[in-house]
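Descriptive structure summary
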Amino acid sequence: MWIYIVITLLSEGWSLAQGYTNSNTSVISNSTSSPPKVYVYRKAVYNLGSVVELQCSNWTLIKTMFVIWNIELKHKKCRISLSDDGQSFNSCKDGKSLRNNSIGQSYLHIPNFSASDVGVYKCESVYTGGNENYITEVDVTAPPDVSAWLERRSNKMVAVCRAERGKPAVTISWSLAGNDSVTQQQDPDGSVTVESQLEIPEHMDPENLTCIVRHQFWDQEKTLVPKLKEAPSMLWILIPVIGVIFLLLAGFAVIALKKVIIHRQCEEADTPSKSPPTEDVEEVEPYASYVQRVNSIYN
């Protein structure tokens, strides 16, 4: 009880502060009639893919009345709560849950921590005799994908070292001093792509050149040896060209064949069927007998 009175007196002295600051303890006053809440502000950074356990207070379930987590993420807001009578509520529906450790302390369980879990986690724990409020700003550490190569630009040789989608940004350096330039690109998910380009002087041997990449996700720095990018073989260029030409010719052949078939069908439909003429035997026979009689008279 004395601890609570001391905290309340300190809070009244800091009542001019609005929101939370970078200090360990901040004051947020909801109204002038009720005493302000004292929030303990924390920052936490977790590795990508790790299992996170956020603890709200050190009180066990025997003394805790209820625990509420208000979570503000980039794309949504949700709440998770648990009371001493067993009632629970969870609107996050993304794997987060309230669990208890071996001594009965409640904590927020986040499996497979990812960039979508980055945000502000506000916790209120009410126990017998008081309450505790915490604001934890949670961030992620993600390792980048690194690569290095040499390329020719006009009559110059340039070494390139690239670290993609790392969080936070990496630090790139070269084993040999030279005229280098560094560019950074902010990705939509908060990660950073860093690229360093080093112009190699003519007297420098690129075989002795290495690129050193440092990131807080790794225990040790990464060392890469840039190699010259080989020009693509003409065979690999001709194969897709020949394939496209073959497909075009096959398509034209099919279209031409269909046109010939349709043309023949149209000709057959327009030409009427003709039957061979038949002789009228009855009309021919009298004429033949007449000719025969005339000839007999002359004979």
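Predicted model only: the values in this text are computed from it and were never measured. (Residues numbered from 1 in each chain as written. Predicted model: local features only at pLDDT ≥ 70, side-chain atom pairs only at ≥ 80, totals over all residues. Heavy atoms only, no water.)

Some thoughts on the overall build of the protein
Heads up, the rule is: Labels follow the DSSP assignment, with helices taken as runs of H or I lasting at least four residues and strands as runs of E lasting at least two, numbered in each case from the N terminus. Burial here depends on accessible area, computed with a 1.4 Å probe over protein chains only, as a share of the maximum for the residue type. Under 20% is buried, over 50% is exposed, and the range in between is partly exposed. The contact rule is simple, with two residues in contact once any of their heavy atoms fall within 4.5 Å. Accessibility throughout is a Shrake-Rupley quantity obtained with a 1.4 Å probe, and a residue counts as covered only by protein chains that appear here.
The secondary structure content of the protein amounts to three helices and 18 strands. Expressed as a percentage of its 299 residues, the buried residues of the protein come to 28%. In the protein, of all internal contacts separated by at least 6 residues, the share reaching a separation of at least 24 is 54%. Counting every atom, the protein has about 21000 Å² of accessible surface; 56% of that belongs to carbon and sulfur.

A look at the layout of surface pockets
Spelled out, the test is: Of the grid points, spaced at 1 Å and generated over the protein atoms alone, those admitting a 1.4 Å probe that cannot get out make up cavities, while open sets with protein on both sides within 12 Å along at least five of seven lines make up pockets; any residue with an atom within 4 Å of a point is treated as lining. Grid points are joined across faces, edges and corners, and a volume is the space filled by probe spheres set on the points. Only Asp, Glu, Lys and Arg are considered charged, only Ala, Val, Leu, Ile, Met, Phe, Trp, Tyr, Cys and Pro nonpolar, and every remaining residue, Gly among them, polar.
When its volume is computed, the second largest pocket comes out at roughly 190 Å³. For the second largest pocket, the lining is made up of 13 residues, of which Lys74, His75, Ala115, Ser116 and Val118 are closest to its centre. The residue inventory of the lining of the second largest pocket, partitioned by class, reads three nonpolar, two polar and eight charged.

Description of the sheet that holds strand E18 (residues 227–228)
How we decide: Strand pairing is assigned whenever DSSP identifies at least 2 bridges connecting the two strands.
Reading across the sheet, the five strands line up as E14-E15-E12-E11-E18 and stay open at both edges, with mixed pairing between neighbours. If you trace the sheet from one side to the other, it starts and ends with strand E14 (179–186) and E18, each paired once. Looking at chain direction, strand E11 (residues 145–153) and strand E12 (residues 156–166) are connected through nine bridges and run antiparallel. Bridging from a neighbouring strand, leucine 150 pairs with alanine 159 of E12.

Topic: the environment of asparagine 131
Within the fold, asparagine 131 resides in strand E10 (residues 130–141). Under the relative-accessibility criterion, asparagine 131 is labelled partly exposed at 28%. Residues asparagine 131 and threonine 64, spaced 67 residues apart in sequence, show a C-alpha to C-alpha distance of 9.0 Å.

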